[in-house]
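Here are the chains, one letter per residue:
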Amino acid sequence: MISKLAKNIAHFFVVQDIAEESKEIIYAYGMELLISDVLNTIIVLLIALISHTLPAVVVFIAVFMGLRKFVGGYHANSHLNCMFTLVIVMLIFSYGICNIGEQSAQIFSISFITIALPVIFYIAPVPHPNKPMSQEKGVKLRKRSYILTAVLSVAVIVLLIFQYRKLSLYVSSGILLSAIMALLGHFLNRGDNSKR
């Protein structure tokens, strides 16, 4: 559906002389990514607005997306699977994580970073079979993922010290999701483009 729509839009641009015919496939691919990103953003915002968790979702998604850029990991094999995964994750976060009490938030925050840190430090970055990674780029991404994970983990501890338990939970949830996606990618893509 998204692919077909993207191809139609790219073809429309070519017919209207907005884009070159020789680059129609490239425009279609770019349009497909753009449509997918817009739909994913709408899904996230709708779930956040319906569940009244917009500030929490913004923190969670910002931490997750910031880390994911360097940590890598699992990518769904279709836009539909990506959206389905996103909906499940957002429902768990918005209706599960966001409803954890203040006292429990502290325990979960510490538990989440305790689980996530070793995973990220051991396997990051996790390449995807469709995005080969040079050794040089792997080293660069590894350093950045270590630094960002360490900084975010320290932020979780500082937030806990100053009694911002719920905020620390949202940050640590983003770190944990990055670790889970890295772990999934590591096991599902085993043998394809090993980073080491």
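Residues numbered from 1 in each chain as written. Predicted model: local features only at pLDDT ≥ 70, side-chain atom pairs only at ≥ 80, totals over all residues. Heavy atoms only, no water.

(A) Seen up close, the overall build of the protein chain. For the protein chain, the helix and strand inventory stands at 7 helices and 0 strands. Across the protein chain, helices and strands are ordered from the amino to the carboxyl terminus as α-α-α-α-α-α-α. Each principal axis of the C-alpha atoms in the protein chain carries an extent, and together these give about 60 × 45 × 25 Å. Buried positions account for 40% of the 196 residues belonging to the protein chain. A separation of at least 24 residues holds for 78% of the contacts in the protein chain among residues at least 6 apart in sequence. Surface exposure of the protein chain reaches about 11,600 Å², of which carbon and sulfur atoms provide 69%. The protein chain carries 16 positive and 9 negative side-chain charges, and their two centres are separated by 16 Å. (Helix = DSSP H or I, 4+ residues; strand = E, 2+ residues; numbered from the N terminus. Buried < 20%, exposed > 50% of the residue type's maximum accessible area, 1.4 Å probe, protein only. Contact = heavy atoms within 4.5 Å. Areas by Shrake-Rupley, 256 points an atom, 1.4 Å probe, with all protein chains shown as cover. Lys, Arg positive; Asp, Glu negative; His and termini not counted. Charge placed at Lys NZ, Arg CZ, Asp CG, Glu CD.)

(B) Summary view of the packing of helix H6 (residues 135-161) against helix H7 (residues 165-188). Running from N to C, H6 and H7 cross one another at 160°; their axes reach a closest spacing of 8 Å. As the angle between them shows, H6 and H7 are arranged roughly antiparallel. Regarding H6 and H7, the two cross each other, and that crossing is left-handed. In contact with Thr-149, Leu-152, Ser-153, Val-156, Leu-159 and Leu-160 of H6, H7 contributes Arg-165, Leu-167, Ser-168, Val-171, Ser-172 and Ile-175. (Axes fitted to C-alpha atoms, helices over the stretch in contact; angles between N-to-C directions. Parallel < 35°, antiparallel > 145°, perpendicular 65-115°, else oblique. Left-handed = near helix turned anticlockwise from the far one by under 90°.)

(C) Expanded view of unusual backbone geometry. Look at the link from Ala-124 to Pro-125: it is a cis peptide, with omega at -5°. By secondary structure assignment, the location of Pro-125 is in the loop between helix H5 (102-123) and H6. For His-52, which is not glycine, the phi torsion reads 60° and is therefore positive. Tracing the backbone through its elements, the reader meets His-52 in the loop between helix H2 (24-50) and helix H3 (54-71).

(D) Molecular detail of the nonpolar core. Residues Met-90, Phe-93, Ile-120, Leu-169, Val-171 and Ile-175 are the most contacted members of the largest nonpolar core, which totals 44 residues. Here this core takes 9 residues from H7, the largest share from any one element. Among residues more than four places away in sequence, those in contact with Ile-120 are Leu-67, Val-71, Ser-145, Tyr-146, Thr-149, Ile-175, Ser-178 and Ala-179. (Core = buried A, V, L, I, M, F, W, Y, C linked by side-chain atoms within 4.5 Å.)

(E) Expanded view of the side chain of Ser-36. Note that Ser-36 resides in helix H2. For Ser-36, the side chain forms a polar contact with the side chain of His-79, separated by 3.1 Å. (Polar contact = N/O pair within 3.5 Å; in protein donor to acceptor, adjacent residues only side chain to side chain.)

(F) Quick look at a nonpolar patch on the surface. Taken together, the side chains of Ile-110, Val-154, Ile-157, Val-158, Ile-161, Phe-162, Tyr-164 and Leu-167 present a nonpolar region at the surface, about 750 Å² in accessible area. It is H6 that contributes the most residues to the nonpolar patch, 4 residues altogether. Structurally, Ile-110 is set in helix H5. (Patch = residues over 30% accessible without salt bridge, like charges linked within 9 Å, V, L, I, M, F, W, Y side chains within 5 Å. Salt bridge = Lys/Arg side-chain N within 4 Å of Asp/Glu carboxyl O.)

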